[in-house]
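# Observations on chain architecture
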Amino acid sequence: MQIDKNVENDGVIFMSIKGDDKSGVETGATRAAASDSAGSSASEGADVTILAIESSCDETAAAVVRNGREVLSNIISSQIALHTIYGGVVPEIASRKHVEKINGCIRAALSEAGVTLEDIDVVAVTYGPGLVGALLVGVSAAKAISFAQNKPLVGVHHIEGHISANFIENKDLEPPFVCLVVSGGHSHLVVVKDYGEYEIIGQTRDDAAGEAFDKVARAIGLGYPGGPKIDKAAKEGNPDAFTFPQAQIPDAEYDFSFSGLKSSVLNYINQAKMQGQELDQADVAASFQKAVVEVLVSHAIKACKEYGYDKLAIAGGVASNTGLRELMEKECASNGIRFYRPSPVLCTDNAAMIGAAAYYEYKKGVRFGLDMNAVPNLPLGDRERRFHANH
Ligand code: KG4
Ligand code: ZN
């Protein structure tokens, strides 16, 4: 997969993700074929070309996706550098940047796909969960295009998008399967029973996995964004230098808890400081990462075995963690489970995954009305129908 990057004057990184044969992201030839067929109406069997928009946190993204799994263009405008100086995402800055960037992202996505708004069959957008001001920018843009072009509108749950990122590069992956969703705000173990049908079998009792990475990174002086920095530092450290606790919850064996682990790391850091010892960032990072990864992998493998599934996928920002990918791959291989994971760039927030999720909703007949609103705490799995145009 090729990523064309350009740092703009305001520090925002503009990325266009382009494909190769293996990535599932389409190249020139297939793109031309797509624009030939994109104008056809979305009746049964016809191609469905979706313009997808994502703006739930600090990435403004737009993509054109055909038939759920073929990505004709994938544009991400990342504000991460702007928030780094504050040690985390500042919601007001995120919203303002989304407003500035969204039209450019949509224009770039259409032009790279070689299509126009007339060629689009469906407009899809993340409407929750996320930062309300950030979500509203994408939702407003999608509603405006849907209204002006008279095209159907489909709202997508951000986490359903992350799960659906697996469909893009794995053309053979179909439900049912188990998926471990680990992002900045979520740690869920779900059974994907069918497209858009989820049974949550485990979730975090406190911090999300990504949140724990971010907090520990800050405490050991690695800064923001914590996950990628711990991942990198861990490669230089000894994962057995410290034994940090891995919480097991007796009455909910698939639930997670990362706050005890985080406190244990913080206690160690404070003690080291008081005793004037030098902190070995790499050893702490490696030992912390090992504790998180072992819990995530053991819960996911156990779920596959006990629920009787032989396919396991991972999704969300933390799914790009190299330690997690390696251990999951190894454990899946030794337990006869097929392991699916998106490329790292499709694990972080992007609109291609929103287009993938929207396709299956659209095929089921889901249409949203123009009363669709941003829902910052939208629950996963519980089908939200209040904005459906066709209840
Ligand atoms: O899915 P995502 O991009 O945004 C949300 O929907 O939350 O996830 C962001 C989270 C952050 O907490 C970030 O630190 C974490 O994913 N993350 C990682 C890695 N890359 C991103 N955590 C561990 N290892 C990584 N390589
Ligand atoms: Zn996300």
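Residues numbered from 1 in each chain as written. Chains lettered and ligands numbered in written order. Predicted model: local features only at pLDDT ≥ 70, side-chain atom pairs only at ≥ 80, totals over all residues. Heavy atoms only, no water.

## Overview of unusual backbone geometry
Geometrically, the link from P175 to P176 is a cis peptide bond, its omega value of 5° lying close to zero. If you trace the backbone, P176 turns up in the loop between α5 (158–169) and β8 (177–182). Of note, the amide linkage connecting Y224 to P225 takes the cis form, showing an omega dihedral of -5°. The residue N67 is not glycine, and still its phi comes out positive at about 50°. Mapping N67 onto the fold places it in the loop between β4 (59–66) and β5 (70–78). (Helix = DSSP H or I, 4+ residues; strand = E, 2+ residues; numbered from the N terminus.)

## Brief notes about the site of ligand 1
Looking at ligand 1, there are 18 residues lining it, with H162, G184, D214, D231 and G317 nearest. Taking G184, its main chain carries an N or O atom lying 2.8 Å from an oxygen atom of ligand 1. A distance of 3.2 Å is found between an oxygen atom of ligand 1 and a backbone nitrogen or oxygen belonging to G210. With the chains in place, 86% of the 550 Å² that ligand 1 exposes on its own is no longer accessible. Contributions of two or more residues to the shell around ligand 1 are made by α5, α6 (209–219) and α7 (226–234). (Near = heavy atom within 4 Å. Polar contact = N/O pair within 3.5 Å; in protein donor to acceptor, adjacent residues only side chain to side chain. Areas by Shrake-Rupley, 256 points an atom, 1.4 Å probe, with all protein chains shown as cover.)

## So, the packing of aromatic side chains
Counting across every chain of the model gives 12 aromatic pairs. Ring centres of Y127 and F368 lie 5.1 Å apart, and the angle between their planes is 65°; this geometry places the pair in the edge-to-face category. With Y127 in strand β6 (residues 122–128) and F368 in the segment after α12 (352–363), this residue pair connects regions lying 241 residues apart in the sequence. Residues Y127 and F368 agree in their burial class; the two are buried. Seen from their ring centres, Y127 and F387 are 6.1 Å apart, and the 80° between their planes marks the pair as edge-to-face. With Y127 in strand β6 and F387 in the segment after α12, this pair connects stretches of sequence that are 260 residues apart. Residue Y127 shares its accessibility class with F387, and that shared class is buried. Among the aromatic side chains, those forming a connected cluster through ring pairs are F167, F177, Y195, Y359 and Y360. (Phe/Tyr/Trp six-rings, centres within 6.5 Å; stacked < 30°, edge-to-face > 60°. Buried < 20%, exposed > 50% of the residue type's maximum accessible area, 1.4 Å probe, protein only.)

## Quick look at the pattern of salt bridges
In this structure the tally under the stated criterion is 19 salt bridges. Note that K215 and E211 form a salt bridge whose closest N and O atoms lie 3.3 Å from each other. Of this pair, K215 and E211 both sit in helix α6, four residues apart, which is roughly one turn of the helix. When its relative accessible area of 29% is taken as the criterion, K215 is described as partly exposed. The salt bridge partner of K235 is D231, with a shortest N-O separation of 3.7 Å. Here the residues in one salt-bridge network are E8, D10, K97, E100 and K101, joined through shared partners. (Salt bridge = Lys/Arg side-chain N within 4 Å of Asp/Glu carboxyl O.)

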